[in-house]
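Listed below are the residues making up each chain.
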Amino acid sequence: MPNLRRNSFIAFLLTSFACAVLSPILAQASTDVVLHASKAPVRAGTWAVVADSTAAGGFAMANPNLGAPKVTTPLANPKNYFEMTFPAYAGEAYHLWIRGKSADNSYRHDSVYVQFSDSVTSAGSAVDRIGTRSGAAVALQRCNGAAEQGWGWTDNGWCGLGANVLFSTTGTHTIRVQVRSDGFSIDQIVLSPQTYLTRAPGVRENDKIILAANLPALTAIVSVSPSPSSGFAPLGVDFAAKVSGAKALSYNWNFGDGQSSTEAVPSHLYQTAGNYTAKVTVKDSAGGNVSASSLIAVNGSSSGGSKFRAVQANISYGGHGTDNIINLNRTTDYLVKLNPDAASLSEVIGGYNDPVLITALMEAKTGIKWYNYYVPKFPGCPEGVMILSKWPIVSTAGYFMSFQMPIAEATLDVNGKHVSFFATHFQWPEGADAERQVEATQLVAFAARFPEPRIIGGDLNAQVYTSAVNTILEQYDGGWDAAVSKGVATAYPANPASTNTRTRRSRIDHVFYSKGDSGISVTGAEVPDQRAPGTASKVVVRIGTTDDEGVRPSDHNFMEVTFALN
């Protein structure tokens, strides 16, 4: 999977440490198709490979300016075209981007028609097919008439994003590029299912971005179909795995309660109440192992309780690896291992479409539906907080605190019981105690508007002994400390479970729950080991990691607290 793209904080405004903007790292993900047009094996008519030191690999595919009139409709049998093949999955949306430049920087020489061997609409109907008079027009010109300059990225839209491309089968596909207006040169073609799904790889004028050619390997796609997916214990569930893209050679089921099976279509009996993640791993004929999961909700009785796992994670600092890259694929791997019912995520970059990307990754990795709600730090800020939930969201609310910091609230339907779940982020830097005290007061007042049980996750940039946290503890209990006192908290050897367990240089990420609420209690908690052993020499982000073998991926660890809901 794919990601990503962001490197480090550019800067925080000295006068307002409110809206951190992350700079993109322009490196395509493994699922992005990147074609260098000069490598096209099929070239017909006037298309030719030309040397160009500014193009990918030093060459471009160019159609000369012969003064020919614009072709008004795609041709079923064009004389001038080139073709390339690439792998892609059926039913997955890919966005098409082309980097090109026009002769004389003129809009008269800046467009092509693009067709595919088996492209379909979202409804499954054939569209823009090779051998037809249907094709996607791709033009470099802006709809506002702005001048063209050098290389630029564009798609099949006009005054907005174009339609995504989908395919009817999983496997190898053909793209045909034919002339619309002569005099156009192309060096890169991208089909992206995620990284560039809503944004171009580069700019529209004088672009210098060159992506490495990439043909991603395809493996099987698997999904899980449990029947039923919820009910009362003892609950019998029939499982089936749908596999496409390759042939399944073997199945390995883990039902989430310690039991397993290697049958293709197993049945399993859940004896006790709980939320279980049933997972199947399929070995496929393409040589890969692919997995999918499904949530099974088992109640003890009509009034029985449920387990609820809450995660708090700063995904900017907490997402950095030893390579100093924020990788949402890696971040969601951490989340999948923690198996949250809901997560409070701090420093989510809405400007990069993180809420949608994170949710899509979780659905792809777990095989179940996920829900999200995002609130920016303040209107127009590209960064904010996000709630991610495997339970349906009944309603949402947001609040902008003082000093441009946010609160998100989502009321979750957990087996028919409503839970008020919050995500928040308090002010930084370290000396901003007074600001955090104001925010703590506002958080408590805002949360009081919603019914119990309430669970609050957040990066508060404050330790338990500070006035801001003490204000919250007047109305709430700390999930981690409750787990420590019960002896059910776990961490890892370099950061043992105690009241001093770090989520940064000290514990500043928290999960709180309603004080005195008999309907909720703590049954466990975890700070996972996110370190990458043996990579100390590669670590770039060293904030607070010197006492943790120098190989922790960031200065924030994720935190999970498990509750019993009665």
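What counts, and where the lines are drawn
- Residues numbered from 1 in each chain as written.
- Predicted model: local features only at pLDDT ≥ 70, side-chain atom pairs only at ≥ 80, totals over all residues.
- Heavy atoms only, no water.
- Helix = DSSP H or I, 4+ residues; strand = E, 2+ residues; numbered from the N terminus.
- Contact = heavy atoms within 4.5 Å.
- Areas by Shrake-Rupley, 256 points an atom, 1.4 Å probe, with all protein chains shown as cover.
- Core = buried A, V, L, I, M, F, W, Y, C linked by side-chain atoms within 4.5 Å.
- Buried < 20%, exposed > 50% of the residue type's maximum accessible area, 1.4 Å probe, protein only.
- Phe/Tyr/Trp six-rings, centres within 6.5 Å; stacked < 30°, edge-to-face > 60°.
- Lys NZ or Arg CZ within 6 Å of the ring centre and 35° of its normal.
- Pairing = 2+ DSSP bridges.
- pLDDT = per-residue confidence, 0-100.
- Axes fitted to C-alpha atoms, helices over the stretch in contact; angles between N-to-C directions.
- Parallel < 35°, antiparallel > 145°, perpendicular 65-115°, else oblique.
- Left-handed = near helix turned anticlockwise from the far one by under 90°.
- Disulfide = S-S within 2.5 Å.
- Arc of directions from axis to C-beta.
- Salt bridge = Lys/Arg side-chain N within 4 Å of Asp/Glu carboxyl O.

Caption draft 1: A look at the overall build of the chain. Within the chain, the regular secondary structure consists of five helices and 36 strands. The contacts in the chain between residues at least 6 apart in sequence include a share of 72% that link residues at least 24 apart. Put simply, the chain shows about 22,200 Å² of open surface, and 52% of that area lies on carbon and sulfur atoms.

Caption draft 2: The arrangement of the nonpolar core in detail. Among the nonpolar cores identified, the biggest contains 52 residues, and Phe 308, Leu 345, Leu 388, Ile 455 and Phe 563 are the most heavily contacted of them. Residues contacting Ile 455, with those up to four places away along its chain left out, are Phe 308, Ala 310, Val 419, Ser 420, Phe 421, Phe 422, Val 511, Phe 512, Tyr 513, Ile 520 and Phe 563. Residues Ala 37, Ile 98, Phe 116 and Val 138 belong to the second largest nonpolar core, which totals 28 residues.

Caption draft 3: Quick peek at the packing of aromatic side chains. By the definition in use, this model includes 16 aromatic pairs. On the basis of an interplanar angle of 80° and a centroid distance of 5.6 Å, the ring pair of Phe 116 and Phe 167 is categorised as edge-to-face. Placement of Phe 116 in strand S9 (residues 111-116) and of Phe 167 in strand S13 (residues 166-167) is noted, with a sequence separation of 51 residues between them. Here Phe 167 falls in the buried class, since its relative accessible area comes to 2%. Put simply, the rings of Phe 86, Tyr 94, Phe 116 and Phe 167 touch in pairs and so form one group of aromatic residues. Here Arg 176 stacks its cationic end above the ring of Tyr 81, 4.3 Å away from the centre of that ring. Lys 369 extends its terminal NZ or CZ atom over the ring of Tyr 371, reaching a point 5.6 Å from the ring centre.

Caption draft 4: Inspection of the side chain of His 425 at higher detail. Within the secondary structure, His 425 sits in strand S30 (residues 417-425). Those residues in contact with His 425 that sit more than four places away from it in its chain are Ser 346, Glu 347, Lys 377, Glu 383, Val 385, Met 401, Met 405, Pro 406, Asp 459 and Asn 461.

Caption draft 5: Spatial organisation of the pairing of strand S14 (residues 171-179). Among the nine residues in S14, eight count as buried, and that is most of the element. Relative to S14, strand S7 (residues 81-88) is paired through eight bridges, and the arrangement is antiparallel. Paired with Glu 83 across the bridge in S14 is Arg 176.

Caption draft 6: Looking closely at the confidence of the model for the chain. When pLDDT is averaged across the chain, the result is 86; 87% of the residues are at 70 or more. Taken as a whole, residues 1-29 scores under 50 in pLDDT and shows 100 contacts with residues more than four places along the chain or in a different chain.

Caption draft 7: How the structure looks around the sheet that holds strand S4 (residues 42-44). The sheet built from five strands is open, its strands ordered S4-S7-S14-S9-S11 with antiparallel pairing. Sheet topology places S4 and strand S11 (136-139) at the edges, where each strand pairs with a single neighbour. Strand-to-strand twist of the sheet, defined as the mean angle between neighbouring strand axes without regard to direction, takes the value 25°.

Caption draft 8: Quick look at the pairing of strand S25 (residues 342-349). Among the eight residues of S25, eight are classified as buried, and the element is accordingly described as predominantly covered. Pairing between strand S24 (residues 306-314) and S25: five bridges, direction parallel. Bridge pairing in S25 links Gln 312 to Ser 344.

Caption draft 9: Broad picture of helix H1 (residues 328-338). Taking burial as the measure, the 11 residues of H1 include eight buried ones, the bulk of the element. Along H1, the residues classified as buried are Leu 328, Asn 329, Arg 330, Thr 331, Thr 332, Tyr 334, Leu 335 and Leu 338. Once H1 finishes, Asn 339 follows within two positions and takes phi at roughly 55°, a positive value.

Caption draft 10: Expanded view of the packing of H1 against helix H2 (residues 354-366). Viewed as axis vectors pointing N to C, H1 and H2 meet at an angle of 55°, and their least axial separation amounts to 10 Å. By the angle between their directions, the pair H1 and H2 is classed as oblique. The two elements H1 and H2 cross, and the hand of that crossing is right-handed. Facing H1, whose interface residues are Leu 328, Asn 329, Thr 332, Asp 333, Leu 335 and Val 336, H2 presents Asp 354, Leu 357, Ile 358, Leu 361, Met 362, Lys 365 and Thr 366.

Caption draft 11: Focus on the state of the cysteines. Applying the stated rule across the entire model yields one disulfide. The disulfide partner of Cys 143 is Cys 159, and the gap between their sulfur atoms is 2.2 Å. Linking Cys 143 and Cys 159, the disulfide has an S-S dihedral of approximately 140° and is accordingly described as right-handed. Residue Cys 143 is located in the loop between S11 and strand S12 (152-154), and its partner Cys 159 is located in the loop between S12 and S13; the two are separated by 16 residues in the primary sequence. On the accessibility criterion, Cys 159 (56% relative accessible area) is exposed.

Caption draft 12: Quick peek at the sheet that holds strand S19 (residues 248-254). Taken together, the five strands give an open sheet; going across it, the order is S17-S23-S22-S19-S20, and neighbouring strands pair in mixed fashion. Of all strands in the sheet, those bounded by a partner on one side alone are strand S17 (230-232) and strand S20 (260-261). Examined bridge by bridge, S17 and strand S23 (residues 289-299) share three bridges and lie parallel to one another. Paired with Phe 232 across the two strands is Asn 299, which belongs to S23.

Caption draft 13: View of helix H5 (residues 479-486). Looking only at H5, the buried set comprises Gly 479, Trp 480, Ala 482 and Ala 483. Projected onto a plane normal to the axis of H5, the buried residues spread over an arc of 165° and lie on a single side. On the buried face of H5, the contacting elements are strand S32 (476-478), strand S33 (489-490), strand S34 (509-514), strand S35 (520-526) and strand S36 (559-565).

Caption draft 14: Quick look at the pattern of salt bridges. Inspection of every chain in the model, using the stated rule, returns 13 salt bridges. Close ionic contact of Arg 99 with Asp 207 constitutes a salt bridge, the shortest N to O distance being 3.1 Å. Here the residue Arg 99 occupies a position in strand S8 (residues 95-102), and Asp 207 occupies one in the loop between strand S15 (184-192) and strand S16 (221-227), the gap between them amounting to 108 residues. Residue Arg 99 shares its accessibility class with Asp 207, and that shared class is buried. Its salt-bridge partner being Arg 309, residue Glu 560 comes within 3.6 Å of it at the nearest N-O pair. Here Glu 560 is found in strand S36, whereas its partner Arg 309 is found in strand S24, with 251 residues between them in sequence. Here Arg 309 falls in the partly exposed class, since its relative accessible area comes to 22%. Residues joined by salt bridges that share partners form a network here, namely Arg 99, Asp 187 and Asp 207.

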